[in-house]
Amino acid sequence: MSARLVPAAGDAAGRRPDVPLRITVDGEPVDGAAGQTIAGVLLASGRRTWRSGPSGAPRGVFCGIGACFDCLVTVNGVRDVRACRRRAHDGDAVATQSRGEDAR
């Protein structure tokens, strides 16, 4: 973990680096810590993009506060979830999506 993390006792967001979790992203396991958003888990694992726009350009976190739609993923079968707003839970199944996909 980075020395720049806020100490758990003073973290208003509830991140707990001492409590590991694992999600799957397109079937691949990705480790994170309790309290992280899905975008946070993806970024911490080295993934910078997980969606493509209409032009095919890669997309990931743009605003980081849920105002845009660049970080959309499918979580546990629910499409169009903003990865920057949704906290990751142990066992979540995340699937990347592209803007041109038909709604399932």
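The coordinates are above.
Fair warning: this is a prediction, and the values are worked out from it, not measured in the lab.

### With respect to the overall build of the protein chain
Turning to step 1, where the next piece is worked out: In terms of helices and strands, the protein chain carries one helix and seven strands.
Turning to step 2, where the next piece is worked out: The buried share of the protein chain, reckoned over its 104 residues, is 33%.
Turning to step 3, where the next piece is worked out: Restricting the contact set of the protein chain to residue pairs at least 6 apart, pairs at least 24 apart contribute 34%.
Turning to step 4, where the next piece is worked out: Surface accessibility of the protein chain: about 6400 Å² in total, with carbon and sulfur atoms responsible for 52%.

### Quick word on the nonpolar core
Turning to step 1, where the next piece is worked out: Grouped together as the largest cluster of nonpolar side chains are 17 residues, with contacts concentrated most on I23, I38, W50, V73, A83 and V94.
Turning to step 2, where the next piece is worked out: Counting only elements with at least two residues in this core, the list comes to strand 1 (16-25), helix 1 (38-44) and strand 5 (72-75).
Turning to step 3, where the next piece is worked out: Ranked by residues supplied to this core, first place goes to helix 1 with four residues.
Turning to step 4, where the next piece is worked out: Setting aside its immediate chain neighbours within four residues, V94 contacts I23, T24, V25, D26, I38, V73, T74 and V75.

### Overview of the pattern of salt bridges
Turning to step 1, where the next piece is worked out: On inspection of all chains with the given rule, the structure shows four salt bridges.
Turning to step 2, where the next piece is worked out: Between R22 and D31 there is a salt bridge, with the nearest N and O atoms lying 2.7 Å from each other.
Turning to step 3, where the next piece is worked out: The partly exposed category is assigned to D31, whose relative accessible area is 48%.
Turning to step 4, where the next piece is worked out: With a shortest N-O distance of 3.6 Å, R59 and D70 are connected by a salt bridge.

### Some points on the pairing of strand 6 (residues 78-82)
Turning to step 1, where the next piece is worked out: Note: strand 5 against strand 6, three bridges, orientation antiparallel. What sits directly across from V75, in strand 6, is V78.
Turning to step 2, where the next piece is worked out: Linking strand 5 back to strand 6 in an antiparallel pair, the connection comprises two residues, with N76 at a positive phi of about 50 degrees.

Cut-offs and rules
- Residues numbered from 1 in each chain as written.
- Predicted model: local features only at pLDDT ≥ 70, side-chain atom pairs only at ≥ 80, totals over all residues.
- Heavy atoms only, no water.
- Helix = DSSP H or I, 4+ residues; strand = E, 2+ residues; numbered from the N terminus.
- Buried < 20%, exposed > 50% of the residue type's maximum accessible area, 1.4 Å probe, protein only.
- Contact = heavy atoms within 4.5 Å.
- Areas by Shrake-Rupley, 256 points an atom, 1.4 Å probe, with all protein chains shown as cover.
- Core = buried A, V, L, I, M, F, W, Y, C linked by side-chain atoms within 4.5 Å.
- Salt bridge = Lys/Arg side-chain N within 4 Å of Asp/Glu carboxyl O.
- Pairing = 2+ DSSP bridges.

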